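# Observations on the model geometry
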Amino acid sequence: MRVTVVGLGAIGSPTVHNARNWVATLKLIDFDKVEMKNTQAQEYPQMARGRNKAQATAQSLQAQWKRKCEVIPHRLTSDNALQLLGDADLLIDCTDNIEARLIIQGFAIEHGIPCLHGCLAATGDFARVIWTEHFSADQEANDGVPTCEDGVLLPFYSIVGGHIAQEAQRFLLDGTKRSFQLTPTSYLRLA
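The paragraphs below set out a description of the structure included in this document. Bear in mind the structure is a predicted one, so any value in this text is a computation, not a measurement. (Residues numbered from 1 in each chain as written. Predicted model: local features only at pLDDT ≥ 70, side-chain atom pairs only at ≥ 80, totals over all residues. Heavy atoms only, no water.)

### A short note on the pattern of salt bridges
Our working rule: In what follows, salt bridge is the name for a side-chain nitrogen of Lys or Arg lying within 4 Å of a carboxyl oxygen of Asp or Glu. Helical segments are the DSSP runs of H or I of at least four residues, strand segments are the runs of E of at least two, and each set is numbered from the N terminus. Per-residue accessibility, obtained with a 1.4 Å probe over protein chains only, is compared with the maximum for each type, and a residue is labelled buried under 20%, exposed over 50%, and partly exposed between these values.
Here the structure, examined in full by the defined rule, presents seven salt bridges. The partner of D87 in a salt bridge is R2, with the nearest N and O atoms 2.8 Å apart. Residue D87 is found in the loop between α4 (81-85) and β4 (90-93), and its partner R2 is found in strand β1 (residues 2-6); the two are separated by 85 residues along the sequence. Classification of D87 by relative accessible area gives partly exposed; the value is 32%. With its nearest N and O atoms 2.8 Å apart, the salt bridge here joins E167 to R178. Of the two residues, E167 sits in helix α7 (residues 154-174) while R178 sits in the loop between α7 and β7 (180-183), which places them eleven residues apart along the sequence. Assigned by exposure class, E167 and R178 land together as buried.

### Brief notes about unusual backbone geometry
The backbone phi angle of K66 is positive, close to 55°, even though this residue is not glycine. Here K66 is to be found in the loop between α3 (53-65) and β3 (70-72).

### Observations concerning α3
Our working definition: Helix span, expected: 1.5 Å multiplied by one less than the number of residues in the helix. Residues are treated as being in contact if the distance between any of their heavy atoms lies within 4.5 Å. Any pair of N or O atoms that falls within 3.5 Å is considered a polar contact. Within protein, one atom must be able to donate a hydrogen and the other to accept it, and sequence-neighbouring residues count only if both atoms are side-chain atoms.
The end-to-end C-alpha distance of α3, which contains 13 residues, comes to 18 Å, matching closely the 18 Å that a straight helix rising 1.5 Å per residue would cover. Turning to α3, its buried residues number three or more, namely K53, A54, A56, T57, A58, S60 and L61. Considering only its buried residues, α3 is in contact with α1 (12-18), β2 (25-29), α2 (38-41) and β3. Sitting at the head of α3, N52 places a side-chain oxygen 2.8 Å from the backbone nitrogen of A54.

Take a look at the structure:
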């Protein structure tokens, strides 16, 4: 199985670290660089500052667990979606902008690729772990609103990333699809 994860920020970085034992090839896509603020609320050490997030995540997985990943340090666009997403058996969307979410969802639907979306409310009040068939990108948009400026919600982001990894793993093992809405104190199964 080939799993492609797009977005390695607040929930994408813990998702991938929790996926290190999967019997699957991991492809990591993110154009962004690690900034000081990322080291407080994401799975990046200080020494990763200035590096591309996909490359820094892959290096961390290799150093800690000898896990190799394919790295794509570029922005996903409608022009390169086929090249970047086309070989996936499972897509995991951990992006934080509506344009990327719509590209991923549209590609998944058009090509019949299962897709799991991880979404954070800008306020940190809730998150969703939701399969494409139940996902509405326009309801999830946080465009331009920072979701991880400090480390206050780091434990919640880690929990959300853990749920994304758990649901993706369940799908890889037996095809089960479950969607959730989570808050820092509880979760509700959506489907």
